[in-house]
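# Residue-level structure breakdown
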Amino acid sequence: MFRIEFMQRALKLAKLGIGHVSPNPAVGCVIVKNGRIIGEGYHRQFAGPHAEVNAIRNSIEPVADSDVYVTLEPCSHYGKTPPCSNLLIEQGIKRVFIAMEDPNPLVNGRGIKKLKEAGIEVSVGHMEEEARELNRFFIHFVTTGRPYIILKAAITLDGFVADEKGNSKWISNTDSRREVHRLRSQVDAVLVGAGTVRKDKPELTVRMLKGRNPRKIILCKSGNLSPNLAVFTEKTILVTGKDAVPVIKKRQFSKMGVSLMEHSGPELASLLKSFATMGLASILVEGGAKVFGSFVEQGLVDEFLIYVAPVILGNGKRLFEMPPRTMKKAIRLSGQDIRICLRG
């Protein structure tokens, strides 16, 4: 019989892998025998043992005839590790409760089929909504072939991101900024435009809590940015127009470990596909207004995260820089996750 507390525990374990396993999914596993947990584990790092493997290794007694609670369908193919479905069969598992089917085309029901053919009782769809939310980056990545895009901004109550002179520090409060640093530690990359780099001189690192630093993506068509800026490290990708960076400057960036990419034209979808081939499953877009406008106009935003501060400017810099539209031709959002955070 399914017991929700065990799947809740598996989901809690899975969350511990967020920010460490991408572009793979975060997965948790709990092994139950005679109504008590005898083993548990989660996918701890990319290319490392999967959750099922760790749970079996951590078991305090043999797992034969046990129930397994796992947040994602056990894999059925050889990748960085052997198939987990094979392992569960070999270990004599009795029943497997699965939160959601794996949307990865390499799996996509094959693991479930293999378990059933081996005589294991399989039940799918337990706390599926929570499991899908936990792995929304992965799901989008494997089904679309491009990274999941979060557009993050802090605005005043009257809709401005900065005053008329471009000053934006600080619209949001400390709690909001801490949340952003936590999100940075969970995504694969942070993206900004050249204007934001010149104006704010950001580091785009995780500083207000413990966590890994994401890759940094800078969009600069002209390539006219100083290599001495703090944002340029071995984790930075500088995207420029074709032949925009002189050879001498290219050598300087190369010595620093900065990756250079050339991209022509305003179209962003193909650029995102290139990022996907680099294993970037999620990108946090942090500015500025022109970059925001481009992503919105091209329909590439999957989630809006907007912090609204109790501040009124009367006039200033708008959130999106794009050609004006009539109400009839306004961009109507549908399908995107929109999160508005009101912060005092």
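Structure first, text after, so check above.
All of these numbers come straight from a predicted model, not from anything done at the bench.

### Digging into the side chain of Lys-249
Within the secondary structure, Lys-249 is located in helix α9 (residues 247–256). We note that Lys-249 is buried and unpaired, the nearest opposite charge coming from Glu-262 at a distance of 13 Å. Looking at Lys-249, its side chain comes within polar contact range of the main-chain oxygen of Leu-225, at 2.8 Å.

### Some remarks on the pairing of strand β10 (residues 236–240)
Walk down a regular strand and you will see the side chains alternate between the two sheet faces. Counting buried residues in β10 gives five out of five residues, a clear majority hidden from the surface. The alternating pattern of β10 places Thr-236, Leu-238 and Thr-240 and Ile-237 and Val-239 on opposite faces, both of which are buried. Note that strand β9 (residues 215–219) and β10 share four bridges and pair parallel. Paired with Leu-219 across the bridge in β10 is Val-239.

### A word on the pattern of salt bridges
This model, assessed by the stated rule, comprises 18 salt bridges. Residue Glu-303 pairs with Arg-136 through a salt bridge whose shortest N-O separation is 2.9 Å. Taken together, the positions of Glu-303 in strand β13 (residues 303–309) and Arg-136 in helix α6 (residues 136–144) put the pair 167 residues apart, joining distant regions of the chain. Assigned by exposure class, Glu-303 and Arg-136 land together as buried. Where Glu-286 meets Lys-152, a salt bridge forms, and the shortest distance between an N and an O atom there is 3.5 Å. Of this pair, Glu-286 sits in strand β12 (residues 282–287) while Lys-152 sits in strand β6 (residues 148–156); the two residues are 134 residues apart in sequence, bridging distant segments of the chain. A relative accessible area of 13% means that Lys-152 is categorised as buried.

### Here's the deal with helix α7 (residues 174–186)
With 13 residues, α7 ought to run about 18 Å at 1.5 Å a step, and its terminal C-alpha atoms sit 19 Å apart, in line with that. Taken together, the buried positions of α7 are Ser-176, Arg-177, Val-180, His-181, Leu-183, Arg-184 and Ser-185. Against β6, β8 (189–193), β12 and β13 lie the buried residues of α7. The N-terminus of α7 is capped by Asn-173, whose side-chain oxygen sits 3.3 Å from the backbone nitrogen of Asp-175.

### A word on the nonpolar core
Formed by 40 residues in total, the largest nonpolar core has its most connected members in Met-7, Ile-31, Val-68 and Val-96. In terms of residues, this core owes the most to one element, helix α1 (residues 4–15), which gives five residues. If sequence neighbours within four positions are ignored, Val-96 has contacts with Val-68, Val-70, Leu-88, Leu-115, Ile-120, Glu-121, Val-122 and Ser-123. Counting residues in hydrophobic clusters, the runner-up holds 30 residues, among them Ala-189, Phe-275, Phe-295 and Val-296.

### Side note on helix α4 (residues 110–117)
Note that an α-helix has 3.6 residues per turn; residues three or four places apart therefore point the same way. Of the positions making up α4, those classed as buried are Gly-111, Ile-112 and Leu-115. For α4, the buried positions fall inside an angular range of 100° around the axis, keeping them on one side. Seen from the open side of α4, the exposed residues pointing more than 90 degrees away from its buried face are Lys-113 and Glu-117. Where α4 is buried, its residues meet α3 (84–90), β4 (95–98) and β5 (121–124). Positive backbone phi, approximately 90°, marks Gly-119, located one or two places after α4.

Thresholds, definitions, all that
Residues numbered from 1 in each chain as written. Predicted model: local features only at pLDDT ≥ 70, side-chain atom pairs only at ≥ 80, totals over all residues. Heavy atoms only, no water. Helix = DSSP H or I, 4+ residues; strand = E, 2+ residues; numbered from the N terminus. Buried < 20%, exposed > 50% of the residue type's maximum accessible area, 1.4 Å probe, protein only. Lys, Arg positive; Asp, Glu negative; His and termini not counted. Salt bridge = Lys/Arg side-chain N within 4 Å of Asp/Glu carboxyl O. Polar contact = N/O pair within 3.5 Å; in protein donor to acceptor, adjacent residues only side chain to side chain. Pairing = 2+ DSSP bridges. Expected span 1.5 Å × (residues − 1). Contact = heavy atoms within 4.5 Å. Core = buried A, V, L, I, M, F, W, Y, C linked by side-chain atoms within 4.5 Å. Arc of directions from axis to C-beta.

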